[in-house]
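Residue-level listing of the chains:
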Amino acid sequence: MRTFILLLSIYLMSFSAQAQIALAVEKNDNGSSIKYAIRSGKDLNDALQNAYQALKDTGATGMIVKMKQEADCGHELNMGYYVLIRCDRKSGGRFLLTYGLGAGKTRAEAIKRALIHLKEFDWGFEDRFGYDIIKEGKVEDLFTE
């Protein structure tokens, strides 16, 4: 089975230096997400590399790196909330699983931004499909010293 890695980034500003979080998602041949890793970094490239490496360490193979920059998913935050959501649905007779990562000053804002992010990769998503919150917490807790 050939797998793909999508590196999805959300920009977060720290007090004097830019810090970021990134989501790496392994996808199978039918486009369904099967594994994920969320990592932080001192800048975008560092966060992307950390997320990519974390997923690679789980055994993900045949990776193609793709990245999208989502202006509406949590830019310029140094604190607040993050939420990782997942939608499970059928599409054209096949099972499809998609993730979205969002950050905001409030939990509700983070959820709204995670939905924007999820829709970037699941163009057929409709609100009626719903979603589950897989992981959530404080943005600042993702940053390592």
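Up top you'll find the structure we're talking about.
Because the structure is predicted, anything quoted here is derived from the model rather than measured.

**Description of the overall build of the protein chain**
Scanning the protein chain for helices and strands turns up two helices and seven strands. Written out in order from the N terminus, the α and β elements of the protein chain read β-β-β-α-β-β-β-α-β. Each of the 145 residues in the protein chain was classed as buried or not, and the buried ones make up 45%. Considering only contacts within the protein chain whose residues lie at least 6 apart along the sequence, 62% involve residues at least 24 apart. Surface accessibility of the protein chain: about 7,600 Å² in total, with carbon and sulfur atoms responsible for 49%.

**Quick notes on the pairing of strand E5 (residues 81-91)**
Bridge analysis of E5 against strand E6 (residues 94-104) gives eleven bridges, and the strand direction is antiparallel. Pairing of Leu 84 across the sheet is with Leu 101, part of E6. Here E5 folds back onto E6, and the loop between the two strands holds two residues, one of which, Gly 92, carries a positive phi near 60°. When E5 meets strand E7 (residues 132-138), the two strands line up antiparallel, connected through six bridges.

Rules of the game
Residues numbered from 1 in each chain as written. Predicted model: local features only at pLDDT ≥ 70, side-chain atom pairs only at ≥ 80, totals over all residues. Heavy atoms only, no water. Helix = DSSP H or I, 4+ residues; strand = E, 2+ residues; numbered from the N terminus. Buried < 20%, exposed > 50% of the residue type's maximum accessible area, 1.4 Å probe, protein only. Contact = heavy atoms within 4.5 Å. Areas by Shrake-Rupley, 256 points an atom, 1.4 Å probe, with all protein chains shown as cover. Pairing = 2+ DSSP bridges.

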